[in-house]
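Chain by chain, the residues run as shown.
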Amino acid sequence: MTPHLPVEIAWEQLRSAAQDAKSRAYAPYSQHPVGAAALTSTGRIVSGCNVENASYGLTLCAECGLISELVKTSTTGSRETLIAFACVGPHPGPLLPCGRCRQLLMEHAHPSLLIDTERGPSLLIDLLPFAFGPEDLPHL
Ligand code: THU
């Protein structure tokens, strides 16, 4: 059973934070600015934008910046988890995180992390089933 948090998610506020982050994107190569925002278990909103590079493969997705902000600014260490996530790109509607970013989010996700999709909120564990995680590392 997946635990569900008894919290009302302010999706419009999250999408708006993602739009704000998108306005800071550095995407001169793809012209595809992306912004991501997430509500954390302590009630904070963290966000990030994509940062591209002339060496295309070094591009950082918006989710990388979001996770970096989460870790850098958390006062509870790794106990602070993500409970709701929204991402926006240049087109209307939610943008779904790429596979690598689903994995990045999973590491810091509450078990019932919800992702904004055009069909409504979806559980991250449904978007990345049978995920590899810390428990797969035998020394932990
Ligand atoms: N991008 C993200 O920021 N997040 C994703 O989940 C998918 C893709 C960015 C990377 C690149 O700068 C641009 O979108 C086009 O792929």
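Above this text you will find the structure in question.
Residues numbered from 1 in each chain as written. Predicted model: local features only at pLDDT ≥ 70, side-chain atom pairs only at ≥ 80, totals over all residues. Heavy atoms only, no water.

Trainee: How do you make sense of the nonpolar core when you look at a structure like this?
Mentor: Soluble, globular proteins show a tendency: their nonpolar side chains are buried together. Counting 18 residues, the largest nonpolar core has L66, L82, F85, L105, L113 and L124 as its most contacted members. When residues of this core are traced back to their parent elements, those giving at least two are β1 (35–40), α2 (62–73), β3 (82–88), α3 (99–107) and β4 (109–117). Setting aside its immediate chain neighbours within four residues, L105 contacts E63, I67, L82, F85, P97, L113, I115 and L124. By size, the runner-up hydrophobic cluster in this structure holds 11 residues, among which are L14, A37, I83 and A86. (Core = buried A, V, L, I, M, F, W, Y, C linked by side-chain atoms within 4.5 Å. Buried < 20%, exposed > 50% of the residue type's maximum accessible area, 1.4 Å probe, protein only. Helix = DSSP H or I, 4+ residues; strand = E, 2+ residues; numbered from the N terminus. Contact = heavy atoms within 4.5 Å.)

Trainee: Explain a nonpolar patch on the surface to me, please; I cannot follow it from the model alone.
Mentor: On the surface, a cluster of nonpolar side chains totalling about 520 Å² of accessible area is made up of Y26, Y29, V51, Y56 and L60. As for its placement among the helices and strands, Y26 is situated in the loop between α1 (11–22) and β1. (Patch = residues over 30% accessible without salt bridge, like charges linked within 9 Å, V, L, I, M, F, W, Y side chains within 5 Å. Areas by Shrake-Rupley, 256 points an atom, 1.4 Å probe, with all protein chains shown as cover. Salt bridge = Lys/Arg side-chain N within 4 Å of Asp/Glu carboxyl O.)

Trainee: Can you help me understand the pairing of β3 in this one?
Mentor: Sheet faces and side chains relate simply in a regular strand, where the side chains alternate between the two faces. Most of β3 sits out of view: seven of its seven residues are buried. As judged from the six bridges shared by β1 and β3, these two strands associate in the antiparallel manner. Within β3, the position partnered with T40 by the bridge is L82. In the sheet, β3 pairs with β4 via three bridges, with the strands oriented parallel. What sits directly across from F85, in β4, is I115. The parallel pair β3 and β4, bridged by α3, forms a crossover whose chirality is right-handed. (Pairing = 2+ DSSP bridges. Right-handed = clockwise from strand over helix to strand, strands pointing away.)

Trainee: Explain the pairing of β1 here, please?
Mentor: Most of β1 sits inside the fold, with six of its six residues counted as buried. In the sheet, β1 pairs with strand β2 (residues 45–49) via five bridges, with the strands oriented antiparallel. Pairing of G35 across the sheet is with C49, part of β2. Hairpin connection from β1 to β2: four residues lie between these consecutive antiparallel strands, with G43 at a positive phi of about 90°.

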